Amino acid sequence: MSRKKETLPAGRQVVMSGIRPTGFLHLGNYFGAVRNYVRMQEEYECYFMVADLHSLTTHPDTKELKENVHRVLSENIACGLDPDKVALYCQSHVHETAELYLYLNMLAYKGELEKTSTFKDKARQQPDNINAGLLTYPVLQTADIILHRAKYVPVGKDQEQHLEMARNFVNRFNHRYGEVFPEPVAFNFGEELIKVPSLDGAGKMSKSENQLATLYLSDDDEQITKKVMKAKTDAGPAMPKSPRPDYIENIFLLMKLVSDDAVVKKFDEDYNNCSIRYGDMKKQLAEDMIKFITPIREKTEAIRNNHQYLKAVMEKGAEKARKSARATIELARQAMGLNYF
Ligand code: TRP
């Protein structure tokens, strides 16, 4: 559902989000995040950032960083993000981020940082590299957001704790130095975030879990078909209008994302009168999935191979982000009393 423009307060609201340049985008990322960004770009002042500095906290080896940054930019543009409408930029290109991060570090306490769930998880995963960047990850994320004085942050549940910390840091800053920053809140277009179920009937699509049950926007036709055809089914319902087991419901959910209503309706009816053939249903789903993913994959490849275009995108994005960042830093320095003439 799209919101009416008239219901928005005067002046565009600022939206900011960060995208980690690790791994490939999958269908869950698309329906859960990217599609939201694409809708927001029409109505909000949007800053979308590739979090390359954050990735150094877990991936100090930068051999593949350039490739990954190019990929994530290309995938997002292929999905519909328009670099002319939003500021699409790399975190490391906007040096003001580091300055604000430093200021905020003085307002962040060791105890609260150590209690953060993501810190505890990462510390467990990389016991030999519990670096200070990992500890202050939420501080850097706060700097990203408030550098544009953004209020709306389109992220999933897993980022809720980081946002709560961001609000704490903002409140501490504002309380000590004067009102400079709005409190950022999680915000998504429409109502519920869509969860895209995994093809193995367990949980949702994810980079880290079962990769064979996750559809990537980079998968080719053969891979898509193979993964979809392997999705778990059974002998079919024995009684009309039987309840659907989770793994069957998931196939219907995936179909609703990419197939025509009439197609979904047909299989719904087939299920309810016990004539459903799961082989046919999966074949149809694979076909529609291919129709959905192929143009995105091809567009991504074309952009990825056009280094000149990517350079122009990054430069333009950084320019827009710096402009907003410089204004904020100026306000912050004034408020903090870092003005000696
Ligand atoms: N921490 C976020 C993630 O893991 C990425 C991120 C970095 C981010 N900076 C941000 C998200 C600013 C929102 C706003 O996905």
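Residues numbered from 1 in each chain as written. Predicted model: local features only at pLDDT ≥ 70, side-chain atom pairs only at ≥ 80, totals over all residues. Heavy atoms only, no water.

**Q** Help me get a handle on the site of the ligand, residues and values and all.
**A** The full set close to the ligand counts 14 residues, and R20, Y137, Q141, D144 and Q159 are the nearest of them. A distance of 2.8 Å is found between a nitrogen atom of the ligand and a side-chain nitrogen or oxygen belonging to Y137. D144 places a polar side-chain atom, nitrogen or oxygen, 2.8 Å from a nitrogen atom of the ligand. About the coverage of the ligand: the protein hides 93% of its 370 Å² of free accessible area. Those elements that place two or more of their residues in the shell around the ligand are β1 (14–19) and α8 (137–146). A per-element tally of the shell around the ligand places α8 first, with four residues. (Near = heavy atom within 4 Å. Polar contact = N/O pair within 3.5 Å; in protein donor to acceptor, adjacent residues only side chain to side chain. Areas by Shrake-Rupley, 256 points an atom, 1.4 Å probe, with all protein chains shown as cover. Helix = DSSP H or I, 4+ residues; strand = E, 2+ residues; numbered from the N terminus.)

**Q** Break down the domain arrangement of the protein for me, citing the residues and quoting the values.
**A** Accessible area lost on assembly of the parts is the figure often given for the size of an interface. According to the domain assignment, the protein contains domain 1 (14–187 + 306–336) and domain 2 (211–301). If you average the C-alpha positions of domain 1 and of domain 2, the two centres end up 35 Å apart. Summed over both partners, the interface of domain 1 with domain 2 comes to about 1,100 Å²; 75% of that surface belongs to carbon and sulfur atoms. Ranking the residues of domain 1 by area buried against domain 2 places L27, F31 and A78 at the top, with a combined share of 45%. Taken together, the connections running from domain 1 to domain 2 amount to zero salt bridges. For the pair domain 1 and domain 2, the interface holds two residue pairs in polar contact (both at pLDDT 80 or more). Secondary structure elements with two or more residues in the side of domain 1 that touches domain 2: α1 (27–40) and α3 (65–78). (Domains from an automatic or database assignment. Buried area = accessible area lost by both parts, 1.4 Å probe. Salt bridge = Lys/Arg side-chain N within 4 Å of Asp/Glu carboxyl O.)

**Q** Talk me through the pattern of salt bridges; I want residue IDs and the actual numbers.
**A** In a structure, side chains of opposite charge can pair up when their charged atoms sit close to one another. Considering all chains together, one arrives at 22 salt bridges under this definition. We note a salt bridge from R304 to E67, for which the minimum N-O separation is 3.3 Å. Taken together, the residues span a long stretch of sequence, with R304 in helix α13 (residues 278–304) and E67 in helix α3 at a distance of 237 residues. Given a relative accessible area of 17%, R304 falls into the buried group. With a closest N to O distance of 2.7 Å, E112 and R172 form a salt bridge. Of the two residues, E112 sits in helix α5 (residues 110–115) while R172 sits in helix α9 (residues 160–177), which places them 60 residues apart along the sequence. Judged by its relative accessible area of 21%, R172 falls in the partly exposed class. What you see here is one network of salt bridges that share partners, running through E67, E301 and R304. (Buried < 20%, exposed > 50% of the residue type's maximum accessible area, 1.4 Å probe, protein only.)

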